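Coordinate inspection notes
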Amino acid sequence: EFMQAFWDTEEVQDKAIQLLAGFVRDKSALPYLLTFTELITFAMKTHVGSLKIQVDGCSLLLEILSQALEQDVVVALDENVTSSLLETVRQHSENEELLSLVCTLLMMISASEVAAENLRKVGVIPDLLSILRNFLHNEQICLSCCAVLWSLAANENNVDQAVMKSAVPVTSAVLQEHLQNGTVTESACSALWALSLQGCLSENDYEPTTALLLDALRMNPGRPVLVKNACLALASLLRLSEISALRFIMDSKGSGINLIKYAYHLHFDDPEVVENICMLINEMVQYDDVVLDMLSQKMEELLSEIKSSFPSS
């Protein structure tokens with residue numbers, strides 16, 4: 001009631017947000033989380049020019065979503081929330097600390113199909129790509145934005161191909177910049193996989209993207225999620241192009257076949273990793289030159305090993 005009575009007073013709204021933060025932290029506010037979310041969003045929208053309200057509001061929204069996740073409480077975020085966050089992004093496009101908070105929020109809410117659709121409707125993708133270009137060094141921003149891109153591209157409906165195609169070079173730049181950061185690389189690989197499934201990569205993208213994915217595997221072979229994502233993305237590329245297949249076996253830093261064999265032996269007890277490796281192998285065998293290379297590198301031994309460990313494969 002206090003917030004609603006003084007919408008236009010910035011100090012009142014910020015003080016109220018700080019008081020709400022105290023309630024949320026001691027977990028006494030679970031029944032009121034949705035109401036809190038609506039109040040905070042409206043305050044942020046009303047005072048979009050106030051950096052303090054935006055930072056405090058985003059921090060509290062993150063706390064609310066985290067609490068809801070922990071307690072298995074569903075907080076349905078409507079289009080007002082997504083449009084408010086987009087206004088924040090556009091008003092404060094140079095503030096790295098705030099953008100990191102907003103992008104983390106967008107990542108959390110985009111896991112919901114409804115929220116992802118709302119983000120698509122309000123036209124968030126060009127803004128995400130602009131943020132990535134400006135803050136390519138920021139690991140949290142890159143992780144979050146790639147996760148949102150994956151959520152938006154993974155939905156087969158309503159994908160704006162022209163906009164999504166412009167995400168390919170930016171996502172590749174993220175992968176190149178953060179190859180040694182396994183978490184960011186996992187996110188970038190999943191985004192590239194979704195973009196390739198949607199047909200967003202051009203013929204000129206096939207070879208360099210294949211080389212980048214091989215680098216990601218080479219530098220992070222011990223991360224099962226990354227291996228799964230990279231294998232899915234590579235399988236999608238090999239399905240599309242023989243150029244990718246040839247780069248896969250003749251990469252200047254070493255054959256992809258050796259990488260796959262090594263990844264299998266690291267994760268042979270993870271059925272999902274093995275399944276994705278099998279999907280990649282299935283795409284490899286459609287090209288004669290690749291089959292010859294597989295035979296020369298005794299790939300049949302690996303296939304026999306997989307078959308004996310997973311008889312149904």
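Criteria and cut-off values
Residues numbered from 1 in each chain as written. Predicted model: local features only at pLDDT ≥ 70, side-chain atom pairs only at ≥ 80, totals over all residues. Heavy atoms only, no water. Helix = DSSP H or I, 4+ residues; strand = E, 2+ residues; numbered from the N terminus. Buried < 20%, exposed > 50% of the residue type's maximum accessible area, 1.4 Å probe, protein only. Areas by Shrake-Rupley, 256 points an atom, 1.4 Å probe, with all protein chains shown as cover. Lys, Arg positive; Asp, Glu negative; His and termini not counted. Charge placed at Lys NZ, Arg CZ, Asp CG, Glu CD. Axes fitted to C-alpha atoms, helices over the stretch in contact; angles between N-to-C directions. Parallel < 35°, antiparallel > 145°, perpendicular 65-115°, else oblique. Left-handed = near helix turned anticlockwise from the far one by under 90°. Contact = heavy atoms within 4.5 Å. UniProt positions renumbered as here; feature names shortened; annotations may be inferred. Domains from an automatic or database assignment. Expected span 1.5 Å × (residues − 1). Polar contact = N/O pair within 3.5 Å; in protein donor to acceptor, adjacent residues only side chain to side chain. Salt bridge = Lys/Arg side-chain N within 4 Å of Asp/Glu carboxyl O. Disulfide = S-S within 2.5 Å. Nonpolar A, V, L, I, M, F, W, Y, C, P; charged D, E, K, R; others polar.

The name given to the protein chain in an unreviewed UniProt entry is Serine/threonine kinase-like domain-containing protein STKLD1, with the source organism recorded as Alca torda.

Summing up its helical and strand segments, the protein chain has 19 helices and zero strands in all. Expressed as a percentage of its 313 residues, the buried residues of the protein chain come to 53%. Carbon together with sulfur atoms contributes 53% to the accessible area of the protein chain, which is approximately 14,300 Å² in total. Computing the positive centroid from 19 side-chain charges and the negative centroid from 42, the protein chain places the two 3 Å apart.

Turning to the packing of helix H13 (residues 203-219) against helix H15 (residues 242-250), a few remarks are in order. Between H13 and H15, the shortest axis-to-axis distance is 9 Å and the interhelical angle comes to 30°. Looking at the two axes, H13 sits roughly parallel to H15. Regarding H13 and H15, the two cross each other, and that crossing is right-handed. Facing Glu203, Tyr206, Glu207, Thr210, Ala211 and Leu214 of H13, the residues of H15 in contact are Ile243, Ser244, Arg247 and Phe248.

The UniProt record marks residues 173-308 with the feature "domain: LRRK2 ARM repeat" (unreviewed entry), using the residue numbering of this structure. As annotated, residues 173-308 has a helix share of 80% and a strand share of 0%, and its two end C-alpha atoms lie 40 Å apart.

Here we take up the domain arrangement of the protein chain. Segmenting the protein chain into domains produces domain 1 (1-122) and domain 2 (201-312). Each of domain 1 and domain 2 has a C-alpha centre, and these two points are 42 Å apart.

Let us look at the environment of tryptophan 193. The residue tryptophan 193 is located in helix H12 (residues 182-197) in this model. In contact with tryptophan 193, other than residues within four places in its own chain, are Trp150, Asn229, Leu232, Ala233 and Ser236.

Since the α-helix advances by 3.6 residues per turn, residues separated by three or four positions end up pointing in the same direction. Along its 14 residues, helix H17 (residues 271-284) runs 20 Å from first to last C-alpha, staying within 8% of the 20 Å computed at 1.5 Å per residue. Within H17, the full set of buried residues consists of Val273, Val274, Asn276, Ile277, Leu280, Ile281, Glu283 and Met284. Structurally, H17 contributes buried residues whose contacts are with helix H14 (224-240), H15, helix H16 (256-267), helix H18 (288-296) and helix H19 (299-309). Its side-chain oxygen at 3.0 Å from the backbone nitrogen of glutamate 272, aspartate 270 defines the N-terminal cap of H17.

This paragraph deals with the pattern of salt bridges. Under the definition given, this model contains 13 salt bridges. The partner of glutamate 186 in a salt bridge is arginine 223, with the nearest N and O atoms 2.8 Å apart. Linking glutamate 186 in helix H12 with arginine 223 in the loop between H13 and H14, this pair joins segments that are 37 residues apart in sequence. On the accessibility criterion, glutamate 186 (14% relative accessible area) is buried. With a closest N to O distance of 3.1 Å, aspartate 215 and lysine 253 form a salt bridge. One end of the pair, aspartate 215, is in helix H13; the other, lysine 253, is in the loop between H15 and H16, with 38 residues separating them in the sequence. Of the residues examined, lysine 253 reaches a relative accessible area of 53% and is grouped as exposed. Through salt bridges with shared partners, one network takes in Glu207, Asp215, Arg218, Arg247, Asp251 and Lys253.

All right, on to unusual backbone geometry then. Both trends apply: most residues other than glycine have a negative phi, and most peptide bonds are in trans. Not every positive phi belongs to a glycine, and lysine 298 is a case in point at roughly 55°. Among the structural elements, lysine 298 can be located in the loop between H18 and H19.

So, on to the state of the cysteines. What the rule picks out here adds up to zero disulfides. With no disulfide of its own, cysteine 145 lies closest to cysteine 103 among cysteine sulfurs, the gap being 3.6 Å.

Moving on, we come to the packing of helix H11 (residues 167-177) against H12. Axis separation between H11 and H12 bottoms out at 9 Å; the angle between their running directions is 155°. Judged by the inter-axis angle, H11 sits roughly antiparallel to H12. Viewed along their axes, H11 and H12 form a crossing whose handedness is left-handed. Across the interface between the two elements, Ala167, Val168, Thr171, Ser172, Val174 and Leu175 from H11 touch Val184, Thr185, Ala188, Cys189, Ala191, Leu192 and Leu195 from H12. Classifying every residue of the contact of H11 with H12 by side-chain character gives 10 nonpolar, three polar and no charged.

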